[in-house]
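Topology and contacts: notes
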Amino acid sequence: QVQLVESGGGLVQAGGSLTLSCAASGRLFSTSAMGWFRQAPEKEREFVAAIRRGTYYADSVKGRFTISRDNAKNTTYLRMNSLSPEDTAVYYCAAHTRGTFYYERPVAYDYWGQGTQVTVSS
């Protein structure tokens, strides 16, 4: 019984920073994985970052984005730096709690948030 609630999306200018939060109901164990995905208009949903025992990043955000989690608060964060218009998308958080896991694949995640819009202006 996991629900994910996202916050922190909004409008930011190019070069700026933004932090997204994803609060989960109930407890997610440390062995569970959390991920962030994004989807721009007319594009497939793409992997952004994930965290489980380690962290994983898409090449497009490597070095700019940082995923972290606070298990006591059941909250996962995505810190986004050096944003560009290409980062504009709806961002989704997701949780993997059981079954086969591969962090880059949306089908591996059991729960999804509602999505939050991130718009980067030039």
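Provided above is the structure to which this section pertains.
Residues numbered from 1 in each chain as written. Predicted model: local features only at pLDDT ≥ 70, side-chain atom pairs only at ≥ 80, totals over all residues. Heavy atoms only, no water.

In this section: the state of the cysteines. Throughout the structure, instances matching the rule amount to 1 disulfide. Linked covalently through their sulfurs, Cys 22 and Cys 93 form a disulfide whose S-S length is 2.1 Å. A torsion of 60 degrees about the S-S bond marks the disulfide between Cys 22 and Cys 93 as right-handed. Placement of the pair is Cys 22 in strand S3 (residues 18-24) and Cys 93 in strand S9 (residues 89-96), with a sequence separation of 71 residues. Using a relative accessible area of 1% as the deciding quantity, one classes Cys 22 as buried. (Disulfide = S-S within 2.5 Å. Helix = DSSP H or I, 4+ residues; strand = E, 2+ residues; numbered from the N terminus. Buried < 20%, exposed > 50% of the residue type's maximum accessible area, 1.4 Å probe, protein only.)

This next bit is on the sheet that holds S3. With antiparallel pairing, 4 strands are arranged side by side in an open sheet as S1-S3-S8-S7. Among the strands making up the open sheet, the edge pair consists of strand S1 (4-7) and strand S7 (65-70). Neighbour-to-neighbour, the strand axes of the sheet open up by a mean angle of 15 degrees, direction not taken into account. Summarising the sheet, S1 and S3 pair through 4 bridges and their orientation is antiparallel. The partner of Leu 4 across the bridge, within S3, is Ala 24. (Pairing = 2+ DSSP bridges. Axes fitted to C-alpha atoms, helices over the stretch in contact; angles between N-to-C directions.)

With that settled, the discussion passes to the nonpolar core. In this structure, Trp 36, Leu 78, Met 80 and Tyr 91 are the most contacted members of the largest nonpolar core, which totals 32 residues. Within the residue set of this core, elements represented by two or more residues are S3, strand S4 (33-39), strand S5 (46-51), S7, strand S8 (75-80), S9 and strand S11 (116-121). (Core = buried A, V, L, I, M, F, W, Y, C linked by side-chain atoms within 4.5 Å.)

Take the pattern of salt bridges next. Applying the stated criterion across every chain yields a total of 3 salt bridges. A salt bridge links Arg 38 to Asp 87; the nearest nitrogen and oxygen atoms lie 2.8 Å apart. Residue Arg 38 is located in strand S4, and its partner Asp 87 is located in the loop between S8 and S9; the two are separated by 49 residues in the primary sequence. Here the two residues Arg 38 and Asp 87 agree in accessibility, since each one is buried. Across the pair Asp 87 and Arg 64 runs a salt bridge, and its minimum N-O distance is 2.8 Å. One end of the pair, Asp 87, is in the loop between S8 and S9; the other, Arg 64, is in the loop between strand S6 (55-57) and S7, and 23 residues separate them in sequence. (Salt bridge = Lys/Arg side-chain N within 4 Å of Asp/Glu carboxyl O.)

Another aspect to go through is the pairing of S11. Here S11 shows a buried face lined by Thr 116, Val 118 and Val 120 and an unburied face lined by Gln 117, Thr 119 and Ser 121. Sheet topology places strand S2 (residues 10-13) next to S11; 4 bridges connect them, and they run parallel. If you follow Gln 13 over to S11, its bridge partner there is Ser 121. Judged from the 3 bridges that link them, S9 and S11 form a sheet pairing that is antiparallel. Residue pairing in the sheet places Val 90 in a bridge with Gln 117 of S11.

Okay, the side chain of Ser 21 next. Considering the arrangement of structural elements, one finds Ser 21 in strand S3. For Ser 21, a relative accessible area of 19% gives the class buried. In this view, Ser 21 contacts Val 5, Glu 6, Ser 7, Trp 36, Thr 75, Thr 76 and Tyr 77; residues no more than four positions away in its chain are not counted. (Contact = heavy atoms within 4.5 Å.)

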